[in-house]
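# Analysis of the macromolecular model
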Amino acid sequence: MSRFTLPRDIYHGKGCLEELKNLKGTKAILVVGGGSMRRQGFLDRAVNYLKEAGMEVELFEGVEPDPSVETVMKGAEVMRAFQPDWIVAMGGGSPIDAAKAMWAFYEYPEVTFEDLITPFSFPELRQKAKFCAIPSTSGTATEVTAFSVITNYQTGVKYPLADFNITPDVAIVDPDLVAGLPVKQVAYTGMDALTHAIEAYVSTLNCPFTDPLALQAIEMVLEYLPASYNCNMVAREQMHYAQCLAGMAFSNALLGIVHSMAHKTGAAFSTGHIPHGCANAIYLPYVIKYNAKDPVAASRYAEIARRMGLEGVSEQALINSLCNKIDEFNTKLNIPKTLKEFGINEDEFKEKVAKIAELAVGDACTGSNPRAIDPANMEKLLTCTYYGTEVDF
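Residues numbered from 1 in each chain as written. Predicted model: local features only at pLDDT ≥ 70, side-chain atom pairs only at ≥ 80, totals over all residues. Heavy atoms only, no water.

Here we come to the packing of helix H3 (residues 69-82) against helix H4 (residues 93-107). It is at 8 Å that the axes of H3 and H4 come closest, and there the two elements cross at 55 degrees. Taken together, the axes of H3 and H4 are oblique relative to one another. Of the two elements, H3 crosses H4, and the hand of that crossing is right-handed. Residue-level inspection shows Thr71, Val72, Met73, Gly75, Ala76, Met79 and Arg80 of H3 in contact with H4, the latter providing Ala98, Ala99, Ala101, Met102, Trp103, Phe105 and Tyr106. (Axes fitted to C-alpha atoms, helices over the stretch in contact; angles between N-to-C directions. Helix = DSSP H or I, 4+ residues; strand = E, 2+ residues; numbered from the N terminus. Parallel < 35°, antiparallel > 145°, perpendicular 65-115°, else oblique. Left-handed = near helix turned anticlockwise from the far one by under 90°. Contact = heavy atoms within 4.5 Å.)

With that settled, consider the nonpolar core. Met191, Tyr283, Tyr301, Ile304, Ile335 and Leu381 are the most contacted members of the largest nonpolar core, which has 91 residues in total. No other element matches the eleven residues that helix H6 (residues 183-202) contributes to this core. In this structure, Tyr301 is in contact with Ile198, Val202, Val287, Ile288, Asn291, Ala292, Ile319 and Leu322, ignoring residues within four places of it in sequence. The next biggest cluster of nonpolar side chains, apart from the first, holds 32 residues, and it includes Val31, Phe60, Ile96 and Ala104. (Core = buried A, V, L, I, M, F, W, Y, C linked by side-chain atoms within 4.5 Å. Buried < 20%, exposed > 50% of the residue type's maximum accessible area, 1.4 Å probe, protein only.)

Time to look at the sheet that holds strand S4 (residues 86-91). The six strands are arranged S1-S8-S5-S4-S2-S3 in an open sheet whose pairing can be described as parallel. The two strands at the open ends of the sheet, each matched to only one other strand, are strand S1 (9-12) and strand S3 (56-60). Pairs of neighbouring strands in the sheet enclose a mean axial angle of 15 degrees, with direction left out of account. As judged from the six bridges shared by S4 and strand S5 (residues 130-135), these two strands associate in the parallel manner. By the bridge assignment for S5, Ala89 is matched with Ala133. Most of the contacts of H4 go to S4, to which it runs at about 160 degrees, and overall it touches strand S2 (27-31), S3, S4 and S5. (Pairing = 2+ DSSP bridges.)

With that settled, consider helix H8 (residues 233-253). In a regular helix each residue adds 1.5 Å, so 21 residues correspond to 30 Å; H8 covers 30 Å between its end C-alpha atoms and thus fits that length. Burial of H8 is extensive: 18 of the 21 residues sit out of reach of the surface. A distance of 2.9 Å separates the backbone nitrogen of Val234 from a side-chain oxygen at the start of H8, and that oxygen is part of Asn232. Looking one or two places after H8, you find Leu254, whose phi comes out positive at around 65 degrees. (Expected span 1.5 Å × (residues − 1). Polar contact = N/O pair within 3.5 Å; in protein donor to acceptor, adjacent residues only side chain to side chain.)

Written as structure tokens, this is what we have:
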């Protein structure tokens, strides 16, 4: 038996933030990130809409990019003191992911972070509060997914928490919130969305419910991402919907080793953090070449290329076209092709790659990758992504 879970309500369209007026409850906590929502006026609007709904509102501001275990625990403490019946998270993936984890510790103070790391092991939520998510970036799709990524800075490891319990009740997908996105973020989050959709389509858990969502998302990203990057607002709106469709696909079909690699390299190097979408964009063509050695995965990659109208008659030619298209996008979006080009120090890479490979194989996303991988092959694959060498194993 398989399961397909989405938020009960997804509101979309310009100005749909106003839907907050119709939430039914007495107290709402609003969780946000570093200040862009406040600067652009969306935070005040959200607070006022919640007050119009008759709710008392508490703010939890300042969730950092790649939220930490400490921030999650602090937020849960604020929630326990305030006792909200709605948790509203607004911003990029970080505040929404952090709020999802806070929700678990708010409702179950005795639970430990270690308890939640095992996928699909959360206690039953909605004992105290429901959850509304409002994305301000077009990539993570955490507003419709069963996932939350939290970083333990002591170990430098990102943990993807997974449970259908943390799929939000309400998602508000308002394109007004992404109109002011910096172009670098448009590029990284857009390639994150493309990776979500492609990995969901070839995942071992793909199904007739997730395939149409994944293909539609890929088609929309290929059509709209370059124009969105060039500040075309119609394209921005369509990208906001495309990433949401990709999220619905991967929340149910799961992902693969592009994400395993991105999770385990993001905070691993002293030369600085590799933004998640940037890491995905770098790794995606290499992983396609690795996975395409599996005949089932190869036929599905070829099917993506065929559906997207890319050139090629043979399966291999279609797969090459797909990889070339991703390379072309990375060039257009000013994304480096290799970790070396990104600026990772070679000696440090060599020193750490074996451990990173081991951690990546153990990542929650590896299990649904279409081709099995062991630490030795993962190390070879990561080395290809560092130097830009051909994946021939």
